[in-house]
Each structure stands twice: as C-alpha cells, then as structure tokens.
Amino acid sequence: MVIAQNRVVTMHYTLKDEQGETIDSSQGHEPLAYIQGIGNIIPGLEDALEGKTKGDKLEVTIAPEDGYGERQENMVQKVAKSGFQGDEELVVGMQVQVETKNGPAIAMVSEIEGEDVTLDLNHPLAGVTLNFDVEVMDVREATDEELDHGHVHGPGGHHH
Ligand code: ZN
C-alpha cells in the first residue's frame, strides 16, 4: 500500500538543521504515526512521502516556506516587564504564554533590557531549512473515527 490521502503512515524520522545538528528524532522512541493529507505534519514532508511505501527510506530537504514558514519580524514585540505576573524571574530563552488577539500563544523571551522585554512569537523552526531522514514503517487506511478526530489512534498516536 502506498502513502496517499487519508492513509495512516507510521515512520521513524530524524530532523537536522542546516548545520547537521539533530533537532528532533523518533529513534529510541515509538515511531510517529500521522494521517496523510490533512495537515498533521508540514506540507513539504507530506509531499515527499506521497506515493512511498513500507520499507522506503528517504532524505528530504525542506525549505522554510514548505516547513514552519519564514520568520516574521512583526512577530517580535517589545513589552513592559511589569506586564508579567508571577514569581518566576524572566530569563532570555525561556518560553512564556502570552495573550494575543488570536488567543493564547507561546513566545520566547529573546532579549531583556531594563524594563523592556522582547518577545519572539515565531515558531522556533521558522526560517530553518529542515533535513529529514525518514523510514516508512507501515502504511494503512485510516478508520472513520480517526478521520473524524483528525489524528491517529493507537501506537504512535492518541490513546483515548
Ligand atoms: Zn481521537
């Protein structure tokens, strides 16, 4: 069975950045399971996997526009330190939850200068060219319930 729309793909993957540093990997864990064609994973990886089958191994390089998008400078904002509540001290690199006009979002503290805190709301992998090593472990039809929920049930997916 080949990978096509609405089929469940189980795969092992290793993701590296342009410098060859490993960002994420399923090795040593359960393989990842996702449903092809419904946006469970980034579009560039779906495109590369379409038509592949169990046992196929592939190396894929994905440009930011087919991955997590380009960095957007308007998603970097300066806010007042006094706007943060809680006892935890703000440090550069930490992630904080913020309210945006589109609802709650995760931002990274990218700079602290006096009373000014710079928050970066870009996805951490925005602007990054992604290098995937993928091995297809299994391909099967999704169940009606999985398509209804928009995610895989069982190994590598949701347990509920
Ligand atoms: Zn479900």
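Predicted, not measured: the structure shown is a model, and the values here were computed from it. All residue numbers refer to position in the chain's written sequence, counted from 1. In keeping with the model being predicted, local features are shown solely for residues with a pLDDT of at least 70 and side-chain atom pairs are shown and tallied solely at 80 or more, while totals for entire chains, interfaces and linings include all residues. No hydrogens and no water enter the side-chain calculation; it runs on all heavy atoms of the structure.

## A few points about the packing of aromatic side chains
We apply this condition: The pairing test for Phe, Tyr and Trp rings, Trp by its six-membered ring, is centres within 6.5 Å, and the orientation test on the planes gives stacked under 30 degrees, edge-to-face over 60, and tilted for anything in between. Here a helix means four or more residues in a row that DSSP labels H or I, a strand means two or more in a row labelled E, and each is numbered from the N terminus. Three exposure classes are used, based on accessible area relative to the maximum for each residue type with a 1.4 Å probe and protein chains only: buried under 20%, partly exposed in between, and exposed over 50%.
The final tally for this structure, using the stated rule, is 1 aromatic pair. Between Tyr 13 and Phe 132 the ring centres are 6.4 Å apart and the planes differ by 55 degrees, which places this aromatic pair in the tilted class. Here the residue Tyr 13 occupies a position in strand β1 (residues 7-16), and Phe 132 occupies one in strand β9 (residues 130-141), the gap between them amounting to 119 residues. Both residues of the pair, Tyr 13 and Phe 132, count as buried.

## Points about the coordination of the zinc ion
Threshold: Coordinating N, O and S atoms are those within 2.8 Å of the metal (3.2 Å for Na, K and Ca), and as water is not part of the atoms, a site may appear to have fewer donors than expected.
Protein ligation of the zinc ion involves His 149 (ND1), His 151 (NE2), His 153 (NE2) and His 160 (NE2), the donor distances falling in the range 1.9 to 2.2 Å. Each donor residue of the zinc ion belongs to the same chain, with the gaps between them written as H-x1-H-x1-H-x6-H. Under the relative-accessibility criterion, His 151 is labelled buried at 18%. We classify His 160 as exposed; its relative accessible area is 66%.

## So, the pattern of salt bridges
Formally: What counts as a salt bridge is simple: a side-chain nitrogen of Lys or Arg found within 4 Å of a carboxyl oxygen of Asp or Glu.
Counted according to the given criterion, the structure contains 3 salt bridges. Here Glu 146 makes a salt bridge to Arg 140, at a shortest N to O gap of 2.9 Å.

## Details of the domain arrangement of the protein chain
Condition: An automatic or database domain assignment is the source of the domain bounds shown.
Once the domains are mapped, the protein chain shows domain 1 (7-68 + 125-149) and domain 2 (73-120). Taken over C-alpha atoms, the centre of domain 1 sits 31 Å from the centre of domain 2.

## Quick notes on the sheet that holds strand β8 (residues 116-120)
Applied cut-off: Two strands qualify as a pair provided that DSSP identifies no fewer than 2 bridges between them. Every angle, taken between N-to-C directions, lies between 0 and 180 degrees, and every axis is a line fitted to C-alpha atoms, over only the stretch in contact when it is a helix.
An order of β5-β8-β7-β6 is seen for the 4 strands of this open sheet, with the pairing classed as antiparallel. Edge positions in the open sheet fall to β5 (76-80) and β6 (95-100), since each of these has one partner strand only. Sheet twist, expressed as the mean angle between neighbouring strand axes with direction ignored, is 45 degrees. Pairing of strand β7 (residues 103-113) with β8, which is carried by 5 bridges, proceeds in the antiparallel orientation. Bridge pairing in β8 places Glu 113 opposite Asp 116.

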